Amino acid sequence: MKPEHYVFIPNEVDSFTDIYNTKILDNYVKLDLELHDKDGKLINGAELHIQILSELYMPLVVKRFNPFDGKLSLTIGNEHLAGCDAMFIIRLKSDNIIDTTKSKVDIEFLSND
């Protein structure tokens, strides 16, 4: 499934930045993150939230990583997600600005089939 929205935006100090979201119809999301700053260093000491929300913005799955060490490989979801439209969001709170040219966000949507 193609992402509907995939964007990095410069984060503001001490506030969350949504760095990826898309509508999904599959059961699971597999992601590999590697977030770097302008100097090419991993973003350390950040707070990362990975959420799957229903179309009513009710949380279905929430994972929190605080502190976040700049790298993450994770598969989240469940067998019920294919039955509803859901929004997948990664949110990051950091004092460092993400450099999109040096960072990696690989997203794969998986199903039970």
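Residues numbered from 1 in each chain as written. Predicted model: local features only at pLDDT ≥ 70, side-chain atom pairs only at ≥ 80, totals over all residues. Heavy atoms only, no water.

Once that is clear, we can look at the overall build of the chain. If you tally the helices and strands in the chain, you get 0 helices and 7 strands. Each helix and strand of the chain, ordered N terminal to C terminal, gives the series β-β-β-β-β-β-β. Summarising the internal contacts of the chain: among those between residues at least 6 apart in sequence, 73% fall at separations of at least 24. (Helix = DSSP H or I, 4+ residues; strand = E, 2+ residues; numbered from the N terminus. Contact = heavy atoms within 4.5 Å.)

This part covers the nonpolar core. In terms of nonpolar packing, the biggest core is built from 25 residues, with Leu31, Leu35, Leu48, Ile50, Ile52, Phe88 and Ile90 touching the most fellow members. Of all the secondary structure elements, the ones that give two or more residues to this core are β1 (16-24), β2 (28-34), β3 (46-54), β4 (59-68), β5 (71-77), β6 (86-93) and β7 (104-110). With residues up to four places along the chain from it excluded, the contact list for Leu48 reads Leu33, Lys63, Arg64, Phe65, Phe68, Leu72, Ile90, Arg91 and Leu92. (Core = buried A, V, L, I, M, F, W, Y, C linked by side-chain atoms within 4.5 Å. Buried < 20%, exposed > 50% of the residue type's maximum accessible area, 1.4 Å probe, protein only.)

Further remarks concern the pattern of salt bridges. Scanning the model with the defined rule gives 3 salt bridges in all. With its nearest N and O atoms 4.0 Å apart, the salt bridge here joins Glu34 to Lys71. Here Lys71 lies in strand β5 and Glu34 lies in strand β2, a separation of 37 residues in the sequence. Residue Glu34 is classed as partly exposed on the basis of its relative accessible area of 23%. Lys71 gets classed as partly exposed once you look at its relative accessible area, which sits at 46%. (Salt bridge = Lys/Arg side-chain N within 4 Å of Asp/Glu carboxyl O.)

Our focus in this paragraph is the sheet that holds β3. Taken in spatial order, the 4 strands line up as β1-β6-β3-β4 in an open sheet, and their pairing is antiparallel. Where the open sheet ends on each side, the last strands, each with one partner, are β1 and β4. Pairwise comparison of adjacent strand axes, ignoring direction, gives a mean angle of 10° for this sheet. Both β1 and β6 contribute to a ladder of 8 bridges, which runs antiparallel. Bridge pairing in β6 links Ile24 to Ala86. (Pairing = 2+ DSSP bridges. Axes fitted to C-alpha atoms, helices over the stretch in contact; angles between N-to-C directions.)

The next thing to look at is the confidence of the model for the chain. Here the chain averages 82 in pLDDT, while 88% of its residues score no lower than 70. The weakest mean pLDDT in the chain belongs to β1 at 78; the strongest belongs to β5 at 93. (pLDDT = per-residue confidence, 0-100.)

On to the sheet that holds β2, then. Hydrogen bonds between backbone atoms are what pair the strands of a sheet, whose relative direction is either parallel or antiparallel. Strand order in the open sheet formed by 3 strands is β5-β2-β7, with antiparallel pairing between adjacent strands. Each having just a single partner strand, β5 and β7 make up the two edges of the open sheet. On average, adjacent strands in this sheet sit at an angle of 10° to one another, irrespective of strand direction.

Take the side chain of His36 next. Mapped onto the elements, His36 comes out in the loop between β2 and β3. At a separation of 3.2 Å, a polar atom in the side chain of His36 contacts the side chain of Glu34. There is a polar contact of 2.9 Å between the side chain of His36 and the backbone oxygen of Gly40. If sequence neighbours within four positions are ignored, His36 has contacts with Lys41, Leu42, Ile43, Ile97, Ile98, Asp99, Lys102 and Ser103. (Polar contact = N/O pair within 3.5 Å; in protein donor to acceptor, adjacent residues only side chain to side chain.)

Our focus in this paragraph is unusual backbone geometry. In the segment running from Asn66 into Pro67, the intervening peptide bond is cis, with an omega of 5°. Within the secondary structure, Pro67 sits in strand β4.

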